[in-house]
Amino acid sequence: MESLSEEAKQAVMAYDAKKTVDVAKRVIAEKVSIVDVIENGFTKGMTEVGALYEAKKVFLPHIMAAAAAMNAAMDLLTPELEKQGAKASEGLGKFLICSIEGDIHSIGKDIVAIMLKVAGFSVVNLGRDVALKEIVKACEEQKPMGVGTSALMTSTMVHQKTLEEMLKNAGIRDSLITNVGGAPVTQHWADEIGADVYSENASDAVNKLTAVVR
Ligand code: HCB
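It should be emphasised that the depicted structure is a prediction, and the values quoted were computed from it without experimental measurement.

Cut-offs applied
- Per-chain numbering applies: the sequence of each chain, read as written, is numbered from 1 onward.
- Only residues with pLDDT of at least 70 get local features here, since the model is predicted, and only at 80 or more are side-chain atom pairs given and counted; chain-wide, interface and lining totals rely on the full set of residues.
- Processing note: side-chain calculations cover all non-hydrogen atoms of the structure and skip hydrogens and water entirely.
- Counting from the N terminus, the helices are the DSSP runs of H or I reaching at least four residues and the strands are the DSSP runs of E reaching at least two.
- Each domain span listed reflects an automatic or database assignment of domains.
- Residue contacts are counted whenever heavy atoms from the two residues lie within 4.5 Å of one another.
- Using a 1.4 Å probe, buried area is obtained as the accessible area two parts lose upon being combined, added over both of them.
- By definition, a salt bridge exists where a carboxyl oxygen of Asp or Glu is found within 4 Å of a side-chain nitrogen of Lys or Arg.
- Two N or O atoms count as a polar contact when they lie within 3.5 Å, although within protein this holds only if one can serve as hydrogen donor and the other as acceptor, and sequence-adjacent residues are included solely when both atoms are side-chain atoms.
- Proximity is defined per residue: if any heavy atom of the residue lies within 4 Å of a molecule or strand, that residue is considered near it.
- For this classification, Asp, Glu, Lys and Arg are treated as charged, while Ala, Val, Leu, Ile, Met, Phe, Trp, Tyr, Cys and Pro are nonpolar and the rest, including Gly, are polar.
- With water omitted from the atoms examined, metal sites may look incomplete; donors here are N, O and S atoms no farther than 2.8 Å from the metal, or 3.2 Å in the case of Na, K and Ca.
- Each patch is built from salt-bridge-free residues with over 30% relative accessible area, joining like charges within 9 Å and nonpolar side chains (Val, Leu, Ile, Met, Phe, Trp, Tyr) within 5 Å.
- Exposure was quantified through the Shrake-Rupley algorithm and a 1.4 Å probe, taking into account, for residues, occlusion by the shown protein chains and nothing else.
- Only protein chains enter the calculation, and the probe is 1.4 Å; a residue is then buried if its accessible area is under 20% of its type maximum, exposed if over 50%, and partly exposed in between.

*Asks:* Just to check I follow, could you spell out the environment of A65 for this structure?
*Replies:* Along the chain, A65 falls in helix α4 (residues 60-86). Linking A65 and K161, residues 96 residues apart in sequence, is a C-alpha distance of 32 Å.

Set out below in structure tokens:
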């Protein structure tokens, strides 16, 4: 029998929102690890569709349909994760997260946001395509322990570097942790721009940011 993670992956690759919702319902009913199915199922399906797009085997409407199918499942799974998160005290501090200026990709950033909340951070999700000056302003006003930015495109990851400079110019760079993520982002890039923490995925973000505060 196929695992629910495998079914989740196949459902996204089939652009089948009815199927992704069905898998999500079974994940909840059967009390299977939601995190596991998101990371090893739905996300893997999105990555495969991305690879097919890159190979010009599928086109933008396919990506949009795959994203819609994944989001339909996330709409069911997010409240369930939030219920688990409600047990956490939010005592690990406030964390701001957004997709950086120019970037509308939000699926991964939203997964990281919810996982950090479940882990005990008080997460403020600023949204997507958030202007750099708005991020700096939010950091000045809300004084978070950290700020995470998601960049899915080579054209937008450069804004993560500019953000480092803007936080320095605002005099608040040393008062918070900067966290960078997104498919083209690497540890090498984080080191190059002086970001504090690189996260490959949501679990990595939880592990590394929790380690920073503990
Ligand atoms: Co989009 N797109 N897209 N896209 N898209 C990518 C990113 C390409 C790589 C596809 C390709 O060409 N191979 C490509 C970028 C090329 C490049 O610059 N290198 C691309 C392009 C070009 C575009 C458009 C410009 C296409 C167009 O209009 N011609 C356009 C972007 C417009 C804009 O942003 N201004 C566009 C649009 C779309 C949508 C709307 C159809 C859809 C997004 C829907 C949405 O997010 N609401 C979409 C999607 C879905 C993708 C792919 C297929 C999947 C992205 C995804 O959701 N992955 C992607 C291909 C790929 O990435 N391989 C493709 C699944 C999530 C779970 O993974 O990497 O986002 P993730 O997040 C992980 C991880 O990175 C980390 O943890 C997450 C969870 O594990 N992480 C963080 C992420 N953010 C973090 C922040 C932190 O603080 C910490 C960790």
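*Asks:* When you look at the domain arrangement of the protein chain in this model, what are you seeing that I'm missing?
*Replies:* Interfaces are frequently sized by the accessible area removed from exposure as the parts join. The domains assigned to the protein chain are domain 1 (4-84) and domain 2 (94-213). Placing the centre of domain 1 and that of domain 2 at their C-alpha centroids yields a distance of 24 Å. In this assembly, 12 residues from domain 1 lie in contact with nine residues from domain 2. Interface area for domain 1 against domain 2, summed over the two sides, is near 840 Å², with a carbon-plus-sulfur share of 76%. Along the contact surface separating domain 1 from domain 2 lie one salt bridge. Inspection of the domain 1/domain 2 interface yields one residue pair in polar contact (both at pLDDT 80 or more). When residues of the side of domain 1 that touches domain 2 are traced back to their parent elements, those giving at least two are α3 (34-54) and α4. The leading source of residues in the side of domain 1 that touches domain 2 is α4, at eight residues.

*Asks:* Whenever I open this one, the site of the ligand confuses me. Can you help?
*Replies:* Near the ligand, the surroundings consist of 34 residues, among which E54, H105, S106, S150 and N179 are the closest. The separation between an oxygen atom of the ligand and a polar main-chain atom of I107 is 3.3 Å. Every element with two or more residues in the shell around the ligand is listed here: α3, α4, α5 (107-119), β3 (146-150) and β4 (177-181). No other element matches the five residues that α3 contributes to the shell around the ligand. Grouping the constituent residues of the shell around the ligand by class yields 15 nonpolar, 15 polar and four charged.

*Asks:* Got a minute to help me understand the coordination of the cobalt atom of the ligand in this structure?
*Replies:* The textbook angles at a metal center are 109.5 degrees for a tetrahedron of four donors and 90 or 180 degrees for an octahedron of six. Protein coordination of the cobalt atom of the ligand is limited to a single donor, H105 (NE2), positioned at 2.2 Å. Examined against the element boundaries, H105 turns out to sit in the loop between β1 (94-100) and α5.

*Asks:* What's the story with a nonpolar patch on the surface in this structure? I'm lost.
*Replies:* There is a patch of nonpolar side chains on the surface, built from Y53, L60 and M64 and spanning about 310 Å² of accessible area. On the secondary structure map, Y53 appears in helix α3. For Y53, a relative accessible area of 37% puts it in the partly exposed group.

*Asks:* Explain the side chain of T156 to me, please; I cannot follow it from the model alone.
*Replies:* On the secondary structure map, T156 appears in helix α7 (residues 154-169). Excluding its chain neighbours within four sequence positions, the residues that come into contact with T156 are I100, E101, G102, D103 and A151.

*Asks:* Please explain the environment of E48 as it appears in this structure.
*Replies:* You can see E48 is positioned in helix α3. Assessed through its relative accessible area of 35%, E48 is described here as partly exposed. Along the backbone, E48 and Q10 are 38 residues apart, and their C-alpha atoms lie at a distance of 9.8 Å. Leaving out residues up to four positions away in the same chain, E48 has contacts with K9 and M13.

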